[in-house]
Structure formats: C-alpha cells, structure tokens
Amino acid sequence: PDLFQAPDYYNLDDLLTEEHKLVRDSARAWVKREVSPIIEDYAQRAEFPKQIIKGLGEIGGFGPYIPEEYGGAGLDQISYGLIMQEIERGDSGVRSTSSVQSSLVMYPIWKFGTEEQRVKYLPKLATGEYMGCFGLTEPDHGSNPSGMTTNYKDMGDHYLLNGAKMWISNAPFADIAVVWAKNEEGRIHGLIVERGMEGFTTPETHNKWSLRASSTGELIFDNVKIPKENLLTGKTGLGAPMQCLDSARYGIAWGAIGAAMDCYDTALRYAKERIQFDKPIAGTQLQQKKLAEMITEITKAQLLTWRLGVLRNEGRATTAQISMAKRNNVDMAINIAREARQILGGMGITGEYSIMRHMMNLESVITYEGTHDIHLLITGLDITGIAAFK
Ligand code: FAD
C-alpha cells in the first residue's frame, strides 16, 4: 500500500516513449528509496540532505537536457519534465535544488558561456561535484529584476563586483553562483562567481516555514574581483536570465503535478481506509467531490504540460505559454494540498504524512520564479499587447 500510485486517468502513458517511461520509472524508484524515507526529518530540522546529491546526478536531475558531451543526460524536454515530476513528488525543495542546478546554472553556462566555461563547469555540475546557485532577486527588486543595483566595473585586467542578492536557493553551500549584474552602461550581464573569492559571502536565511529541506541564502559582493574569463558573453540584457527562467518554470509546471499526485494519492488511500459513522469517509459525497475534482485538475494539468513539452521539443513554446502552465499547475497543486490536508483530518497536520509539507513548500513555489500574479499579468500582456505590471 505504500507504493507510489501514478494517476493516469486519460492514459497519458500512451503519449510517452519507452525512454520517457524508463527515465520516469528510475527517477520514481530513486525518490521512493532515497528521498521519501528521510525527507520529513530533514524538513523538520530545516536541513538540505546533501547525501542525495550524487543520486540526483545519476537519475538525470542535473542537466537532463544538457548534451552528453558536457556530462548532461542528453534527454528531451518530456523526460526532463517527468524527472522534475518525480523529484517533486518527493519534495519541492529537492526539486528546487535540481531546477536551479539544471536550468539556472548549467543552462546559462551551456547557452551563453564560452567553450572553456562549458568544459570547466558543466561535467562537474552534472555529477553534483560542483553545486551552483542563481542570483537574480535583490532585497529591493523581486518581481521587477530590471531595477537591480548589483553592478560591476571594468578594472582593466578584472571586473569588480558589488551588491547583494536575496532569497537564493542553494546559496549557503554552492561552489559557484551565476550572478546577474549591471555593467557601467547599465546593461545586465551574467558572471560566474566562485566560492572563495575575496569579498564574497553567502549567509543562510533561517526561520522559513516553507522549502525547509532546501537551503536558501543571500549573496553578498563586497568589491569581489572577478576574472574576465568568468563573464557570460553569449547573451546580455534581462532576456538572458529570463530565458533561463523559461526553462526552470517549464520544469516547475511538471514538478507541481508530482506534488499534487502525492497529495491526491495519500488522500484517496486515507479516505478509503478511514471509517467514520460506520463507513469509509470516501463513501461520502463531500469527500468524493474533493477527490473527483483533484483527479480532474491533475488530468487537465498533465495534458496541458505534455503539450507544452512537445512544443518545447520543437522549440516553439512561448514564454507566455510557459507562464500559463507554471501558474495553473502550482495553483492546482496548492489547492489539492489544502483539500487533501483536510481529508486527513487531524492526521493531516502531522509529519506522518507528506501533505502538510507539500502544502507549505508550494507557498514558495507559487511565489518564486514569477509570482502567481505576475504570471497572470504575462498572460494579460500576451493577449492584449498591454503590460499592466509596468
Ligand atoms: P515582490 O516582487 O515584492 O511582490 C510582492 C507582491 O506584490 C506579490 O504578491 C506580487 O505578485 C505583487 N506584485 C508585484 N508587482 C506587481 C504588479 N506590477 N502588479 C500586481 N502585483 C504585483 N530568486 C533568485 O534569484 N534565485 C533563487 O534561487 C531564488 N530562490 C527562492 C527561494 C525561495 C524559498 C523564495 C521564497 C524565493 C526565491 N527567489 C529566488 C526569489 C523569488 O523569485 C522572489 O521572491 C519573487 O520573484 C517575488 O519577489 P518578492 O519576494 O520581492 O516579491
């Protein structure tokens, strides 16, 4: 009874290749074996389980779509999505580590880096020997990163970086940081900052009620000397970090389905076993309404996201399409988590079950990588041509 169930109400598996199913099943088995048994404890203690890093690399959790010549898994976008789904079925914090490493650190180095940077960093990031983080958000610039004040000056033989980033996943233990900063002309560029560089510190952010098994921190740059070869030269402007976010948000859309599946599966099994008033609570209309709506929403999200995966494989998915899926699916998952929590009654608030942890995690997921509001305004901009957020 404690095997993962995988709701597939519309036979979505028929749309997957053998490779997709193989990749998904091995990720699923790994999560079941290595993440599920320990994650509640780590979340309660607010600690990232570093021992899973190697395994995350082995299941393709670091750079699933990065070419094999750079150590990546060389998979397509659907396999990437399925891996995120399975990891987030375990925990959104673990999936965050995987998303950041893959789409926010490896992706920009692969797409905008030099060949020397690719060779130097990507294979080590793919195995988890190096861990990375992505610094875009600042204390005074969250939804509007274009206002960033972190900046660097050209000192002739090196750059001098100053400023601060906030809310940075993996920051406290990252070996490298991909940092977005303005040059003297105010143009945004990406720089690779390495732990150990003088003036670079990464204080941890404590007292989170959400993503407790993920480590979050600040990045502080106090006259950090950056070698010139650490500049990402392939793309500049806000479009560069936004392209990374497209990749990460696409993975989050799949990941949220995993968290929702775990909550639905747990609630369904509990409802069938829990007897009140001499019958299973699953036999009451109120609980059936909740469960029926959950599977309906999961199924709609699966179809939306599978189609988005096909479009991404063809290089046709737009930023606005990705926004819609990220927003819809995270909202779907958080609502399912809240309803599922209630189906478990008092038991739902304990760490004996995963639901409350998913629910609290999803409060971060609905805010990071573009808030629920901002993604709606991106759809609004796309269909009207008028930006309401500026
Ligand atoms: P604000 O931008 O201040 O928004 C506050 C509220 O105002 C929100 O509800 C928002 O929707 C609303 N709002 C803002 N502008 C408008 C508008 N124009 N119209 C209507 N409503 C508006 N960032 C990174 O760079 N790297 C990371 O690794 C990273 N990891 C994170 C991990 C966690 C656990 C968390 C919580 C955040 C992380 N972030 C990271 C930061 C995250 O992306 C930001 O929190 C997010 O972009 C929102 O910014 P903010 O928190 O400053 O909120």
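Refer to the structure presented above.
This one's a predicted model, so the numbers in the text were calculated from it and none came from an experiment.

Student: What exactly am I supposed to notice about the overall build of the chain here?
Tutor: A tally of helices and strands in the chain yields 10 helices and 10 strands. For 390 residues, the compact-globule estimate of 2.2 N^0.38 gives 21 Å, and the chain sits close to it at 21 Å. C-alpha extents for the chain along the principal axes are approximately 80 × 45 × 40 Å. For the chain, the proportion of its 390 residues judged to be buried stands at 55%. For the chain, the proportion of contacts with a sequence separation of at least 24, taken over those separated by at least 6, is 74%. When the accessible surface of the chain is split by element, carbon and sulfur atoms take 52% of a total near 16,900 Å². On the chain, the mean spot of the 41 positive side-chain charges and the mean spot of the 49 negative ones are 3 Å from each other.

Student: Honestly, the site of the ligand in this entry has me stumped. Any pointers?
Tutor: Surveying the vicinity of the ligand reveals 18 residues, the closest of which are T137, S143, W167, T371 and D373. Note that an oxygen atom of the ligand is positioned 2.7 Å from one of the side-chain N or O atoms of T371. Surface burial for the ligand is 67%, taken as the share of its 980 Å² of free accessible area covered by protein chains. For the ligand, the cavity whose grid points lie within 2 Å of the majority of its atoms is the largest pocket. For the shell around the ligand, the secondary-structure elements that each account for two or more residues are β3 (158–169) and α10 (372–384). The class makeup of the residues in the shell around the ligand is 9 nonpolar, 7 polar and 2 charged.

Student: So what exactly am I meant to see when it comes to the layout of surface pockets here?
Tutor: Empty pockets left among the atoms are what a rolling probe the size of a water molecule brings to light. Counted as a void, the largest pocket has a volume near 1,300 Å³. In terms of lining, the largest pocket is formed by 44 residues, of which the most central are T137, G142, Y368, E369 and G370. Contributions of two or more residues to the lining of the largest pocket are made by α4 (92–112), β3, α6 (239–273), α8 (319–343), α9 (355–365) and α10. Along the lines of polarity and charge, the residues of the lining of the largest pocket split into 19 nonpolar, 16 polar and 9 charged.

Student: Mind showing me how you'd approach the side chain of H358 here?
Tutor: If you trace the backbone, H358 turns up in helix α9. Beyond its immediate sequence surroundings of up to four residues, H358 is in contact with E88, R89, G90, D91, A259, D262 and C263.

Student: Would you explain helix α5 (residues 115–127) in this entry?
Tutor: Residues lying three or four places apart along an α-helix face the same way, a consequence of the helix completing one turn every 3.6 residues. Under the 1.5 Å per step criterion, the end-to-end length of α5 is 19 Å for 13 residues, consistent within 8% with the ideal 18 Å. The largest bend in α5 amounts to roughly 30° and is located at Y121, with the proline P123 lying one to four residues further along. In this fold, the buried residues of α5 make contact with α2 (53–58), α4, β1 (132–135), β4 (176–182), β5 (188–194) and β8 (231–232). Phi turns positive one or two residues past the end of α5, at G128, with a value near 90°.

Student: Explain the nonpolar core here, please?
Tutor: Within soluble globular proteins, side chains that are nonpolar tend to cluster in buried spots. Within the largest apolar cluster, 64 residues are counted, with the highest numbers of intra-cluster contacts made by L56, I109, L122, L125, F134 and W180. When residues of this core are assigned to their parent elements, the largest contribution, 9 residues, is made by α4. Once you skip the residues sitting within four places of it in the chain, F134 turns out to touch V100, L104, V105, I168, V178, W180, P241, C244 and L245. Listed in part, the 34 residues of the second largest apolar core include A256, I281, M332 and A333.

Student: Looking at this model, I keep getting lost on the packing of aromatic side chains. Mind explaining?
Tutor: Two measures describe an aromatic ring pair: the distance that separates the ring centres and the angle between the ring planes. Tallied over the entire structure, the rule returns 12 aromatic pairs. Both rings, one in Y65 and one in Y107, keep their centres 6.2 Å apart while their planes meet at 70°; by these two values the pair is edge-to-face. In this pair, Y65 is assigned in the loop between α2 and α3 (77–90) and Y107 in helix α4, connecting sequence segments 42 residues apart. Note on accessibility: Y65 and Y107 belong to one class, buried. Pairing F200 with F221 gives two aromatic rings, centres 5.6 Å apart and planes at 10°, and the pair type is stacked. Pair noted here: F200 is in strand β6 (residues 200–201) and F221 is in strand β7 (residues 216–227), with a separation of 21 residues, a long-range link. Here F200 matches F221 in class, with each residue buried.

Student: Help me understand α3, please; the structure alone is not making it clear to me.
Tutor: For α3, which comprises 14 residues, the first-to-last C-alpha distance of 20 Å matches the rise-based estimate of 20 Å (1.5 Å per residue) to within 8%. Across the 14 residues of α3, 14 count as buried, placing the element largely inside the fold. A side-chain oxygen of the first residue of α3 lies 3.2 Å from the backbone nitrogen of I78; this N-cap is D76.

Student: Would you explain the pairing of β5 in this entry?
Tutor: As a general feature of sheets, a regular strand has side chains that alternate between the two faces. Summarising burial for β5: 6 of the 7 residues are buried, a large majority. Bridge analysis of β4 against β5 gives 7 bridges, and the strand direction is antiparallel. Bridge assignment links A181 to a residue of β5, and that residue is H189. The hairpin formed by β4 and β5 contains 5 residues between the paired strands, and G186 there has a positive phi angle of roughly 85°. Here β5 pairs with β8 via 2 bridges, running antiparallel. Its bridge partner being in β8, L191 is matched across the sheet by L231.

Reading the values: rules and limits
Residues numbered from 1 in each chain as written. Predicted model: local features only at pLDDT ≥ 70, side-chain atom pairs only at ≥ 80, totals over all residues. Heavy atoms only, no water. Helix = DSSP H or I, 4+ residues; strand = E, 2+ residues; numbered from the N terminus. Rg over C-alpha atoms; globule rule 2.2 N^0.38 Å. Buried < 20%, exposed > 50% of the residue type's maximum accessible area, 1.4 Å probe, protein only. Contact = heavy atoms within 4.5 Å. Areas by Shrake-Rupley, 256 points an atom, 1.4 Å probe, with all protein chains shown as cover. Lys, Arg positive; Asp, Glu negative; His and termini not counted. Charge placed at Lys NZ, Arg CZ, Asp CG, Glu CD. Near = heavy atom within 4 Å. Polar contact = N/O pair within 3.5 Å; in protein donor to acceptor, adjacent residues only side chain to side chain. 1 Å grid on protein atoms, 1.4 Å probe; cavity = no way out; pocket = protein on both sides within 12 Å on 5 of 7 lines; lining within 4 Å. Sits in = over half its atoms within 2 Å of the grid points. Nonpolar A, V, L, I, M, F, W, Y, C, P; charged D, E, K, R; others polar. Points joined across faces, edges and corners; volume = space filled by probe spheres on them. Expected span 1.5 Å × (residues − 1). Bend = angle between axes of the 7 residues up to and from the residue. Core = buried A, V, L, I, M, F, W, Y, C linked by side-chain atoms within 4.5 Å. Phe/Tyr/Trp six-rings, centres within 6.5 Å; stacked < 30°, edge-to-face > 60°. Pairing = 2+ DSSP bridges.

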